[in-house]
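Spelled out, the chains give:
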Amino acid sequence: MSPPKDRELSQATPVRRFLEMLAICAVLVLLVVGGVRLWPALEEDALWYTLGCVLIGYLAADFMSGMAHWLADRYGTVDTPLVGAHFIGPFREHHVDPKGITRHGFVEVNGNNCICSLPFLAAGHLLWPGAAAPPMAIVLFGSLLCFILSIFMTNQFHRWAHMDSPPTLVVWLQRGGLILGRGHHQTHHV
């Protein structure tokens, strides 16, 4: 079977592209603002809270992105209302043309994740009690920020796993097992 032409399964329109760019900008701004809002609550335990939040957020994102990929591979079609054309389609397209992700730009690769993440990040900001937050609220909000940042990066990690020559830092992270590597990910496609 020959690879589909770009956007054959994932129908990107100018309006969709604008929404993806807007979601990316909103997520980035809310992540920075979230870090600024969280910092005063950390006080002297900043290192331990930060390490814990990074670990929780990263592991949760790894699990959730795998779960989303599994669901999109197995359920629904490109015609499923709301999610078919823009979420299920790209997953299915990727299995027909694994290198296709390397031909998509930053917005197309990362826009869907931001659209999905934005409501959760906005809710986290609305629920954040402020600098006098109890420890559990600090961990939850910090983990949410790290989770959203990790989700933001999952498709980028995926893209780099398919690139013939990813950036040097990316190769180092892949070899260290910190992000998705080519060899490990190739097993999924086999």
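## What about the overall build of the chain?
Logical step 1: In terms of helices and strands, the chain carries 7 helices and 0 strands.
Logical step 2: The buried share of the chain, taken over its 190 residues, is 41%.
Logical step 3: Across the chain, the fraction of contacts at a sequence separation of at least 24, relative to all contacts at a separation of at least 6, is 72%.
Logical step 4: Of the accessible surface of the chain, which amounts to about 11,100 Å², a share of 71% is contributed by carbon and sulfur atoms.

## Some words on the packing of aromatic side chains
Describing an aromatic ring pair means giving the distance of the ring centres and the angle of the ring planes.
Logical step 1: Scanning the model with the defined rule gives 4 aromatic pairs in all.
Logical step 2: Look at Phe157 and Trp160: their rings are 6.0 Å apart centre to centre, the planes differ by 35°, and that puts the pair in the tilted class. Within this pair, Phe157 and its partner Trp160 are both found in helix 5 (residues 135–162), separated by 3 residues, close to a single helical turn. Taken as a pair, Phe157 and Trp160 share a single burial class, namely buried.

## Concerning the confidence of the model for the chain
Logical step 1: Across the chain, the average pLDDT comes to 84, with 88% of residues at or above 70.
Logical step 2: Across residues 1–10, where pLDDT falls below 50, the model places 25 contacts with residues more than four positions away in sequence or in other chains.

## Details of the layout of surface pockets
Logical step 1: Considering only enclosed or pocket space, the second largest pocket measures out at about 190 Å³ in volume.
Logical step 2: Leu31, Gly35, Leu38, Trp39, Leu42, Tyr49, Thr50, Cys53, Gly142, Leu145, Cys146 and Leu149 are the residues that line the second largest pocket.
Logical step 3: The set of elements that each furnish at least two residues to the lining of the second largest pocket consists of helix 1 (14–42), helix 2 (46–74) and helix 5.

## Concerning unusual backbone geometry
Logical step 1: Positive phi values are uncommon outside glycine, yet Leu82 reaches one of about 70°.
Logical step 2: Tracing the backbone through its elements, the reader meets Leu82 in the loop between helix 2 and helix 3 (84–96).
Logical step 3: Among the residues examined, Leu82 registers a relative accessible area of 82% and is labelled exposed.

## A few points about the environment of Arg17
Logical step 1: By secondary structure assignment, the location of Arg17 is in helix 1.
Logical step 2: Here Arg17 falls in the buried class, since its relative accessible area comes to 18%.
Logical step 3: Separated by 94 residues in the primary sequence, Arg17 and Gly111 place their C-alpha atoms 7.9 Å from one another.

## Notes on the nonpolar core
Burial of nonpolar side chains together is a common tendency in soluble globular proteins.
Logical step 1: Judged by nonpolar contacts, the single largest core of 24 residues is most densely connected at Val27, Leu38, Trp128, Ile138 and Ile148.
Logical step 2: Where this core is concerned, the elements lending two or more residues are helix 1, helix 2, helix 4 (106–127) and helix 5.
Logical step 3: Take this core: its biggest share by element is 9 residues, from helix 5.
Logical step 4: Listed in part, the 5 residues of the second largest apolar core include Phe157, Trp160, Val170 and Ile179.

## Focus on the state of the cysteines
Logical step 1: One pass over the structure, following the stated rule, counts 0 disulfides.
Logical step 2: The structure places no disulfide on Cys114, whose sulfur is separated from the nearest cysteine sulfur, that of Cys25, by 9.0 Å.
Logical step 3: Cys114 gets classed as buried once you look at its relative accessible area, which sits at 1%.
Logical step 4: Cys116 carries a free sulfur, and the closest cysteine sulfur to it, the one in Cys114, is 9.3 Å from it.
Logical step 5: We classify Cys116 as partly exposed; its relative accessible area is 40%.

What counts, and at which threshold
Here, residues in each chain are numbered from 1, in the same order as that chain's written sequence. Given that the model is predicted, a residue must reach a pLDDT of at least 70 before its local features are reported, and side-chain atom pairs must reach 80 or more before they are shown or counted; all residues, however, enter totals for whole chains, interfaces and linings. Remark: hydrogens and water are excluded; side-chain values derive from all non-hydrogen atoms of the structure. Secondary structure elements are defined from DSSP: runs of H or I of at least 4 residues count as helices, runs of E of at least 2 residues count as strands, and each element is numbered from the N terminus. Exposure is judged per residue with a 1.4 Å probe applied to protein chains only, and the accessible area is read against the type maximum: over 50% gives exposed, under 20% gives buried, and values in between give partly exposed. Contacts were defined at the residue level, with two residues in contact if any of their heavy atoms lie within 4.5 Å. Surface exposure here means Shrake-Rupley accessible area, sampled with a 1.4 Å probe, where a residue is shielded only by the protein chains that are shown. Here a Phe, Tyr or Trp ring, Trp counted by its six-membered ring, pairs with any other such ring whose centre lies within 6.5 Å, and the pair is stacked when the planes are under 30 degrees apart, edge-to-face when over 60, and tilted otherwise. As a per-residue quantity, pLDDT reports the predictor's confidence and falls between 0 and 100. Cavity and pocket criteria rest on a 1 Å grid covering protein atoms alone: a 1.4 Å probe that fits but cannot get out defines a cavity, protein on both sides within 12 Å along at least 5 of 7 lines defines an open pocket, and an atom within 4 Å of a point defines a lining residue. Grid points are joined across faces, edges and corners, and a volume is the space filled by probe spheres set on the points. The definition of a nonpolar core used throughout is a set of buried Ala, Val, Leu, Ile, Met, Phe, Trp, Tyr and Cys residues joined through side-chain atoms within 4.5 Å. Cysteine sulfur atoms are paired as a disulfide whenever they fall within 2.5 Å.

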